[in-house]
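Close look at the chain arrangement
Each chain, written out:
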Amino acid sequence: MTVSHPRHRRAVAIPAGMAVATALAFLPNTAAAAAPAAGAPAVSADATPLSYVVNVRGGHGASAHVKKAIGEAGGTVVTSYDKIGVIVVHSSNPDFAKTVRKVRGVQSAGATRTAPLPSASTADMGTPKVLSAAEVAGAEAAEGQDPLQGLQWDLPAIKADRAHEKSLGSAEVTVAVIDTGVDDTHPDIAPNFDRAASVNCVSGKPDTSEGAWRPGPSESAHGTHVAGEIAAAKNGVGMTGVAPGVKVSGIKVSNPDGFFYTEAVVCGFMWAAEHGVDVTNNSYYTDPWYFNCTDDPDQKALVEAVTRASRYAERKGAVNVAAAGNENYDLAADEITDPVSPNDSTPSERVIDPSECFDIPTQLPGVVTVAATGAKGLKSSFSNYGRGVVDIAAPGGDSTAYQKPEAPATSGLILGTLPGGKWGYMAGTSMASPHVAGVAALIRSTHPHASPALVKALLYAQADATACTDPYDIDGDGKVDAVCEGPKNRNGFYGWGMTDALDAVTR
């Protein structure tokens with residue numbers, strides 16, 4: 001069974017008649033492209049302005065020779081990340097990438113989008129299922145719990161409720177939510193918000209103006225939901241995060257249309273690296289290609305740029321955690337049909353090899369890849385999977401028709417914070433990834449000097465091994481919906497197993 005594809009890895013739409021959990025609608029971007037440098041080749045008035053990444057040798061800065069060549073090819077440098085050798089460029093020259101690839105010192109170059117700057121509006125619709133005032137007031141929780149915690153079946157699923165009796169995590173640890181923006185004024189987020197580690201990276205260049213990390217009124221609630229799942233404060237208000245004592249920051253990387261372009265993602269990882277972030281959560285894929293094929297020169301350059309940035313963040317101390325995706329794809333298959341790329345212009349169906357075409361940052365080296373489970377502990381109906389690709393599993397929700405939670409919880413989806421001081425439900429591997437990010441933050445709190453490699457080793461060693469679900473017929477129609485391969489402690493559905501918050505604070 002394959003779930004219909006949402007444009008980004010944010011949340012999934014549960015089957016008709018069930019609660020809907022998708023991203024909000026977006027408005028067109030109004031940012032203008034920079035003008036080409038003097039002496040650039042002439043282009044027609046209706047030429048398409050695009051954004052590019054140009055990759056050169058890292059650690060030395062772009063040479064004067066390369067910068068001159070960029071200008072001569074009709075490019076304007078927006079910013080340059082010299083430590084990793086990634087230059088962000090705008091150009092209206094349709095041959096810019098082809099021209100600059102021939103320049104001595106350029107290792108790869110490619111357009112980060114297929115739609116012009118500003119990009120076209122999309123057709124994403126839907127909202128999270130928001131808790132009404134009556135539902136908030138009527139929620140019941142046990143003594144010592146926050147008022148809405150009884151609705152959070154996902155916390156006992158990873159033993160987070162028991163972990164909180166031992167530790168809430170350290171305020172010295174920060175998890176960066178690289179996403180659609182975080183509403184730091186929310187009463188469950190404000191006590192734990194790290195302003196110094198927050199930024200707007202949408203243009204590819206950091207914007208540190210006050211509140212730039214927040215979502216606009218018409219933008220997605222996704223990043224705020226994720227932030228609450230990780231670190232909603234245990235403060236007698238609303239819900240409780242997996243690691244309610246750690247800090248959370250917002251690194252906004254999606255533009256008003258909802259696109260997560262390469263230059264913004266690179267900026268996000270670099271900002272996290274340079275601002276002491278311990279864990280990054282990445283519940284998205286980098287647009288416009290669901291899978292980036294390295295035999296295409298543009299897509300190869302995007303893979304290279306994000307790889308350099310994510311590896312740099314890890315070298316600087318961050319554990320990078322990412323969602324596996326919501327299409328019920330076997331990411332270890334010989335081939336996958338991708339019908340949605342490029343998603344910012346006109347998609348065309350293509351068959352790709354996931355060992356050569358990568359979902360970034362999900363499939364990048366060193367990234368913790370997270371699959372989703374429902375309230376019964378089974379792989380969520382929508383969750384991607386794949387032996388050797390999925391590292392670990394965590395609650396991401398599912399339809400109550402498939403996996404119904406125990407009372408007092410009523411929804412099979414995941415409760416989170418929403419902008420404007422609200423709470424609501426969403427579902428997806430987007431919701432599973434922050435559970436693992438929260439557990440990684442608890443491990444770092446317990447072992448403050450642990451390297452990212454050690455944190456990941458502990459994360460996997462402490463996971464509760466979960467055997468394959470065989471046969472997997474989640475909708476009960478008599479047909480197998482996905483095939484799990486591998487042993488109990490390392491398989492395609494659950495990786496090393498279900499993430500364990502209790503072990504994170506006791507071992």
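This one's a predicted model, so the numbers in the text were calculated from it and none came from an experiment.

Topic: unusual backbone geometry
Backbone torsion omega between Ser341 and Pro342 reads -5°, so that peptide bond is classified as cis. Within the secondary structure, Pro342 is located in the loop between strand S12 (336-338) and strand S13 (350-352). With an omega of 0°, the peptide bond between Asp470 and Pro471 qualifies as cis. Notably, Asn328 is not glycine yet its phi reads approximately 55°, a positive angle. Positionally, Asn328 belongs in the loop between strand S11 (319-323) and S12. Accessibility expressed as a relative area gives 7% for Asn328, which makes it buried.

Here we look at the sheet that holds strand S4 (residues 106-111)
The strands that make up a sheet pair up through hydrogen bonds in the backbone, lying either parallel or antiparallel. One open sheet holds the four strands; their spatial order is S2-S3-S1-S4, and the pairing between them is antiparallel. What marks the edges here is a single partner per strand, and that holds for strand S2 (75-81) and S4. On average, each strand axis in the sheet is tilted by 25° relative to the strand beside it, whichever way the strands run. Examined bridge by bridge, strand S1 (residues 50-56) and S4 share five bridges and lie antiparallel to one another. Looking at S4, one finds that Asn55 is bridged to Ser108.

What about the pattern of salt bridges?
Per the stated rule, a full pass over the model turns up 19 salt bridges. Across the pair Asp391 and Arg490 runs a salt bridge, and its minimum N-O distance is 3.7 Å. Pair noted here: Asp391 is in the loop between strand S15 (368-373) and strand S16 (392-395) and Arg490 is in the loop between helix H10 (452-462) and helix H11 (501-506), with a separation of 99 residues, a long-range link. Salt bridges sharing partners connect three or more residues here, namely Asp184, Arg195, Glu210 and Arg214.

Structural notes on the packing of helix H6 (residues 222-231) against helix H9 (residues 429-446)
Close contact between H6 and H9 brings their axes to 8 Å; oriented N to C, the two are set at 35°. As H6 packs across H9, the resulting crossing turns out to be right-handed. Here His222, His225, Val226, Glu229 and Ile230 of H6 come into contact with H9, specifically with Ser430, Met431, Pro434, His435, Ala437 and Gly438. The residue inventory of the contact of H6 with H9, partitioned by class, reads five nonpolar, five polar and one charged.

Digging into the packing of aromatic side chains
Counting across every chain of the model gives 12 aromatic pairs. An aromatic cluster of at least three residues, connected via ring pairs, comprises Tyr285, Tyr290, Phe291 and Tyr329. The ring of Tyr261 is capped by Arg113, whose NZ or CZ atom sits 3.8 Å from the centre of that ring. The ring of Phe493 has Lys379 sitting right over it, with the charged end atom 5.5 Å from the ring centre.

Notes on the packing of helix H7 (residues 262-274) against helix H8 (residues 297-315)
For the pair H7 and H8, interaxial distance at closest approach is 8 Å and the crossing angle is 15°. Regarding the angle of H7 to H8, the classification is roughly parallel. Classified by chirality, the crossing of H8 by H7 is left-handed. In this structure, H7 contributes Thr262, Val265, Val266, Phe269, Met270, Ala273 and Glu274 to the contact, and H8 contributes Leu302, Ala305, Val306, Ala309, Ser310, Tyr312 and Ala313. Looking at side-chain class alone, the contact of H7 with H8 contains 11 nonpolar, two polar and one charged residues.

Regarding H8
For H8, which comprises 19 residues, the first-to-last C-alpha distance of 27 Å matches the rise-based estimate of 27 Å (1.5 Å per residue) to within 8%. Where H8 begins, one side-chain oxygen reaches toward the backbone nitrogen of Asp298, 3.0 Å away; that side chain belongs to Asp296. Once H8 finishes, Gly317 follows within two positions and takes phi at roughly 115°, a positive value.

A few points about the environment of Gly181
Looking at the secondary structure, you find Gly181 in the loop between strand S6 (174-179) and strand S7 (199-200). Along the backbone, Gly181 and Val226 are 45 residues apart, and their C-alpha atoms lie at a distance of 9.9 Å. Those residues in contact with Gly181, other than ones at most four positions away along the chain, are Trp213, Arg214, Pro215, Gly223, Thr224 and Lys252.

Re the pairing of strand S18 (residues 422-426)
Among the five residues in S18, four count as buried, and that is most of the element. As paired elements, strand S17 (residues 414-418) and S18 share five bridges and run antiparallel to each other. Along S18, the bridge assignment pairs Thr417 with Trp423. Remark: three residues form the turn of the hairpin made by S17 and S18, two consecutive strands paired antiparallel; Gly420 in that turn has positive phi of roughly 85°.

Observations regarding the side chain of Thr373
Residue position: Thr373 is located in strand S15. Judged by its relative accessible area of 0%, Thr373 is buried. Residues within four places of Thr373 in sequence aside, it is in contact with Trp153, Leu378, Lys379, Ser380, Ala393, Ala394, Pro395, Gly396, Gly397, Tyr494 and Met498.

Conventions we followed
- By convention here, each chain's residues receive numbers from 1 onward along its written sequence.
- In keeping with the predicted nature of the model, local features appear solely for residues at pLDDT of at least 70, side-chain atom pairs appear and are counted solely at 80 or more, and the whole-chain, interface and lining totals rest on all residues.
- In computing side-chain values, all of the structure's heavy atoms are included and hydrogens and water are not.
- Numbering of helices and strands starts at the N terminus; helices are DSSP runs of H or I of at least 4 residues and strands are runs of E of at least 2.
- Buried, partly exposed and exposed residues are distinguished by accessible area as a fraction of the type maximum, computed with a 1.4 Å probe on protein chains only: under 20%, between the cut-offs, and over 50%, respectively.
- When DSSP finds two or more bridges between a pair of strands, those strands are recorded as paired.
- Axes here refer to lines fitted to C-alpha atoms; in helices the fit is confined to the stretch in contact. Angles between the N-to-C directions go from 0 to 180 degrees.
- Definition used for salt bridges: Asp or Glu carboxyl oxygen within 4 Å of a side-chain nitrogen of Lys or Arg.
- Left-handed is the label given to a crossing in which the near helix is rotated counterclockwise from the far helix by less than a right angle, and right-handed is the label when the rotation is clockwise.
- Here a residue-residue contact requires only that any non-hydrogen atoms of the pair lie within 4.5 Å.
- In this classification, Asp, Glu, Lys and Arg are treated as charged, Ala, Val, Leu, Ile, Met, Phe, Trp, Tyr, Cys and Pro as nonpolar, and every other residue, Gly included, as polar.
- Two aromatic rings from Phe, Tyr or Trp, using only the six-membered ring of Trp, form a pair when their centres are within 6.5 Å; if the ring planes differ by under 30 degrees the pair is stacked, by over 60 it is edge-to-face, and anything between is tilted.
- Only Lys NZ and Arg CZ are tested; either one counts as a charge over a ring when it is within 6 Å of the ring centre and within 35 degrees of the ring normal.
- Roughly parallel means an angle under 35 degrees; roughly antiparallel means over 145; roughly perpendicular covers 65 to 115; every other angle is labelled oblique.
- The length a helix should cover is 1.5 Å for every residue beyond the first.
- In protein, a polar contact requires one atom able to donate a hydrogen and another able to accept it; more generally it is a pair of N or O atoms within 3.5 Å, and residues adjacent in sequence count only if both atoms are side-chain atoms.

Worth remembering: the numbers are spatial, not functional.
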